[in-house]
Amino acid sequence: MKKRQVVIKQRKSSYTTTSSSSNVRYVECQKNHAANIGGYAVDGCREFMAKGGEGTDEALTCAACGCHRNFHRREVETEVVCEYSPPN
């Protein structure tokens with residue numbers, strides 16, 4: 001899967017309106033459970049599910065595999081909307 005980066009340069013103009021929004025998802029767990037013996041093994045967890053509510057310590061722990069959210073691959077979807085009105 002390709003990583004995409006969107007760069008928005010906005011000029012102070014009355015003709016252009018630009019807005020952007022992004023959604024962040026945490027997908028498969030990439031923690032190497034066999035690193036201490038020199039191997040490579042992942043647990044197969046496919047998506048991060050928070051163990052607790054937003055703002056608690058458990059919100060950063062996965063309910064499926066027990067790993068911290070940082071071990072899950074971060075996927076960012078960005079949508080950019082640009083409206084242009086030509087000058088009269």
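Presented here is an overview of the structure given in this document. (Residues numbered from 1 in each chain as written. Predicted model: local features only at pLDDT ≥ 70, side-chain atom pairs only at ≥ 80, totals over all residues. Heavy atoms only, no water.)

## Section: the side chain of His72
Defined as follows: In DSSP terms, a helix is any run of H or I states spanning at least four residues, a strand is any run of E spanning at least two, and both are numbered starting from the N terminus. Whenever two N or O atoms come within 3.5 Å, that pair is a polar contact, provided that in protein one can donate a hydrogen and the other can accept it, and provided that, for residues adjacent in sequence, both atoms are side-chain atoms. Whether two residues are in contact is decided by their heavy atoms, any of which lying within 4.5 Å being enough.
Relative to the helices and strands, His72 resides in strand β2 (residues 72-84). A polar side-chain atom of His72 sits 2.8 Å from the main-chain carbonyl oxygen of Val27. For His72, the contacting residues outside a window of four places in its chain are Tyr26, Val27, Glu28, Cys29, Cys45, Glu47, Phe48, Cys62, Cys65 and Cys67.

## Re the pattern of salt bridges
Operational definition: Here, a salt bridge means any side-chain nitrogen of Lys or Arg that lies within 4 Å of a carboxyl oxygen of Asp or Glu. When accessible area is computed with a 1.4 Å probe and restricted to protein chains, residues below 20% of their type maximum are described as buried, those above 50% as exposed, and intermediate ones as partly exposed.
Scanning the entire structure with this criterion turns up 3 salt bridges. For Arg25, the salt bridge goes to Glu75, with nearest N and O atoms at 3.0 Å. Placement of the pair is Arg25 in strand β1 (residues 16-29) and Glu75 in strand β2, with a sequence separation of 50 residues. Here Arg73 makes a salt bridge to Glu75, at a shortest N to O gap of 3.7 Å. Residue classification places Arg73 among the partly exposed positions, given a relative accessible area of 25%. Taking relative accessible area as the criterion, Glu75 reaches 14% and is therefore assigned buried. Three or more residues are tied together by salt bridges with common partners; here these are Arg25, Glu28, Arg73 and Glu75.

## Digging into the nonpolar core
Defined as follows: Here the nonpolar core consists of buried residues drawn from Ala, Val, Leu, Ile, Met, Phe, Trp, Tyr and Cys, with membership extended through side-chain atoms lying within 4.5 Å.
The biggest cluster of nonpolar side chains holds 6 residues, and these are Tyr26, Cys29, Cys45, Phe48, Cys62 and Cys67. In contact with Tyr26, other than residues within four places in its own chain, are Glu47, Phe48, Arg69, His72, Arg73 and Arg74.

## Quick notes on the environment of His72
Residue classification places His72 among the buried positions, given a relative accessible area of 3%. Here the alpha-carbon distance between His72 and Tyr26, two residues 46 residues apart in the chain, equals 5.6 Å.

## Side note on the packing of aromatic side chains
Note the cut-off: We call Phe, Tyr and Trp rings a pair once their centres come within 6.5 Å, taking the six-membered ring for Trp, and we label the pair stacked below 30 degrees between planes, edge-to-face above 60, and tilted otherwise. The criterion for a charge sitting over a ring is simple: Lys NZ or Arg CZ within 6 Å of the ring centre, and within 35 degrees of the ring normal.
If you walk through the whole model with that rule in mind, you get 1 aromatic pair. Ring plane angle 65° and centroid distance 6.2 Å describe the contact between Tyr26 and Phe48, whose orientation is recorded as edge-to-face. Placement of Tyr26 in strand β1 and of Phe48 in the loop between β1 and β2 is noted, with a sequence separation of 22 residues between them. Comparing Tyr26 with Phe48 shows no difference in burial state: the two are buried. Directly above the aromatic system of Phe71 lies the positively charged group of Lys31, at a separation of 5.2 Å from the ring centroid.

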